[in-house]
Amino acid sequence: MRPQLTYCLAINVNKGLVFASDSRTNAGVDYVATYSKMTTFVFPQNRSIVLLTSGSLATSQAVINTIKTDLNNPDAEFSLLKGNYLHELAKYIGQLSQREQKLHAEAMEKSKSNSESSFIIGGQLAGQPCEIFLIYPQGNYISASAETPYLQIGENKYGKPILDRIIGATTSLEDAARCAIVSLDSTIRSNISVGPPIELAIHSNNVIEAPYRTSLNTNSVMYKSVQKHWNEGLKRAFNRLPRFEWEKALTK
């Protein structure tokens, strides 16, 4: 089975939320597939939800399809509209993921395949704060903390350093969005399994409507400008690093 990797992140700052994801599902020298990893569910003045997915595309799509089916079924036991808290929605999605994995567990084991998926759900219910939760393949979940106000799924190691250095509760939404783009771009440069276009969504605190959403491909003016300025800035910073003692002696 080909690897099904991706990279998604969500950032929670005082002014709201930022979500970002790549769009590559399969990668190899002879095969590349592109799918959106970001789904929005918006009920104006009630709740605005963003869902990011990583892992098995089949499991992720099955979960999203069930979410949509439950929303259209007034007799459904639970749905994104019936939860009173965002953590209840995280629990619901974890249960859907576990159910789908168990449904195909025997066949997946025989084929030595992996049906696990991870999710990030975030958004805001009217009258409540903005929140983000990471849902593990096992169905359990965690929330972001004040000390680490971001969550990642998929190929996260290359994009983590910039988040640790820049993101804090007082970071502006615009800076958080730029940081998310740099985090995705750093991962894209280091891992072929992660690729553009980059999808970006921004939810402003207490604005319960569709988040601002855009897609950045390799030819996007914004994406190219962020790449250019970040690369040039890194080189300038590197060239200004302190000299070793023996270098100082050689310049005298």
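The structure reproduced in this document is the subject of the present report.

Conventions used here
Residues numbered from 1 in each chain as written. Predicted model: local features only at pLDDT ≥ 70, side-chain atom pairs only at ≥ 80, totals over all residues. Heavy atoms only, no water. Core = buried A, V, L, I, M, F, W, Y, C linked by side-chain atoms within 4.5 Å. Buried < 20%, exposed > 50% of the residue type's maximum accessible area, 1.4 Å probe, protein only. Helix = DSSP H or I, 4+ residues; strand = E, 2+ residues; numbered from the N terminus. Contact = heavy atoms within 4.5 Å. Pairing = 2+ DSSP bridges. Axes fitted to C-alpha atoms, helices over the stretch in contact; angles between N-to-C directions. Expected span 1.5 Å × (residues − 1).

## A closer look at the nonpolar core
Item 1. Ranked by internal contacts, the top residues of the largest apolar core, which has 26 residues, are Leu9, Ile11, Val18, Leu163, Ala180 and Leu200.
Item 2. Among the elements of the structure, strand S1 (7–13), strand S2 (16–21), helix H4 (160–166), helix H5 (173–190), strand S11 (198–204) and helix H6 (221–239) are those that each provide at least two residues to this core.
Item 3. Excluding its chain neighbours within four sequence positions, the residues that come into contact with leucine 9 are Val18, Phe19, Ala20, Leu52, Ile120, Leu151, Gln152, Leu163, Ala180, Ser183 and Leu184.
Item 4. Counting 18 residues, the second-largest nonpolar core is a separate cluster that includes Phe41, Ile49, Leu80 and Ala90.

## Section: the sheet that holds strand S5 (residues 38–43)
Item 1. Strands sit in the order S5-S6-S7-S8-S9 across an open sheet of five strands; the sheet is antiparallel. Edge strands, defined here as strands with exactly one partner in the open sheet, are S5 and strand S9 (141–143). Each strand axis lies, on average, 20° off the axis of its neighbour in the sheet, ignoring direction.
Item 2. Looking at chain direction, strand S8 (residues 131–135) and S9 are connected through three bridges and run antiparallel. In the sheet register, isoleucine 135 faces S9, and the bridge partner there is tyrosine 141.
Item 3. Contacts from helix H1 (residues 57–71) reach S5, strand S6 (47–55) and strand S7 (117–125) within the one sheet, and its direction differs from that of S6 by about 155°.
Item 4. Packing against the sheet, helix H2 (residues 86–103) makes contact with S6, S7, S8 and S9, and its axis sits at approximately 155° to S7.

## What to know about the sheet that holds S11
Item 1. The strand order S10-S1-S2-S11-S12 describes an open sheet built from five strands, whose pairing is antiparallel. Sheet topology places strand S10 (150–154) and strand S12 (212–216) at the edges, where each strand pairs with a single neighbour. Pairwise comparison of adjacent strand axes, ignoring direction, gives a mean angle of 10° for this sheet.
Item 2. Alignment of S2 against S11, held across six bridges, turns out to be antiparallel. In the strand pairing of S11, serine 21 is matched with glutamate 199.
Item 3. Contacts between H5 and the sheet are confined to S1, S2, S11 and S12, with S11 contributing the most and set at about 160° to the helix.

## Overview of unusual backbone geometry
Most peptide bonds are trans, and most residues other than glycine sit at a negative phi.
Item 1. Its identity as a non-glycine residue notwithstanding, glutamine 45 has a phi of 70°, on the positive side.
Item 2. Glutamine 45 sits in the exposed class, given a relative accessible area of 61%.

## Overview of H5
Item 1. With 18 residues, H5 extends 26 Å from end C-alpha to end C-alpha; this agrees with the ideal 26 Å at 1.5 Å per step.
Item 2. Among the 18 residues that make up H5, 13 are buried, leaving the element largely enclosed by the rest of the structure.

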